[in-house]
Amino acid sequence: MASSLERHLRVEHIICGAFANTSEETAFRAIERRLNAEPGDGRAYILTNLVHGVGSGKQPDEIDMVVIAPGGAVVIEVKHWAGAKVRRSNGNSFDLIER
């Protein structure tokens, strides 16, 4: 039974740009919920849609999410595959199933 005094990570969302699609927002909400449930006194930061340079097409490159937490930092690329399902094929990878 969890104590009512149990502390959890504080999550700060740093918006660097708008979500490009619903998949990015859904992924952000899931990660935010998971981090908010983590015990601890620390902070976690989620940067979304971070522009980091101009590619060869003269259009800025973008990182969907950067998560910085006490355990380290992770860069996340979110895919938006409308009309497709993804299933786990083993513990380490996923297969795309066309509808």
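Just above, that's the structure.
The model shown is predicted, which means the values in this text are computed figures rather than measured ones.

Student: Just give me the short version of the nonpolar core, but keep the residues and values in it.
Tutor: Buried together is how nonpolar side chains tend to be arranged in soluble globular proteins. In this structure, L9, A27, F28, L35, A44, I46, M65, V67 and V78 together form the largest nonpolar core, which totals 9 residues. Those elements that provide at least two residues to this core are α1 (22-37), β2 (43-54) and β3 (60-69). In terms of residue count, α1 provides more of this core than any other element does, 3 residues in total. The residues touching A44, leaving out its near neighbours within four places in the chain, are L9, R10, V11, E12, L35, I68 and A69.

Student: Describe the side chain of N49, naming the residues involved and giving the relevant values.
Tutor: Turning to its location among the elements, N49 is positioned in strand β2. N49 gets classed as buried once you look at its relative accessible area, which sits at 2%. There is a polar contact of 3.5 Å between the side chain of N49 and the backbone oxygen of A18.

Student: Just give me the short version of the pairing of strand β4 (residues 72-76), but keep the residues and values in it.
Tutor: One ladder, built from 5 bridges, connects β3 with β4; its direction is antiparallel. Bridging across to β4, I68 finds its partner in A73. Linking β3 to β4, which pair antiparallel, is a turn of 2 residues.

Thresholds applied
Residues numbered from 1 in each chain as written. Predicted model: local features only at pLDDT ≥ 70, side-chain atom pairs only at ≥ 80, totals over all residues. Heavy atoms only, no water. Core = buried A, V, L, I, M, F, W, Y, C linked by side-chain atoms within 4.5 Å. Buried < 20%, exposed > 50% of the residue type's maximum accessible area, 1.4 Å probe, protein only. Helix = DSSP H or I, 4+ residues; strand = E, 2+ residues; numbered from the N terminus. Contact = heavy atoms within 4.5 Å. Polar contact = N/O pair within 3.5 Å; in protein donor to acceptor, adjacent residues only side chain to side chain. Pairing = 2+ DSSP bridges.

That's the geometry; what it means functionally is another story.
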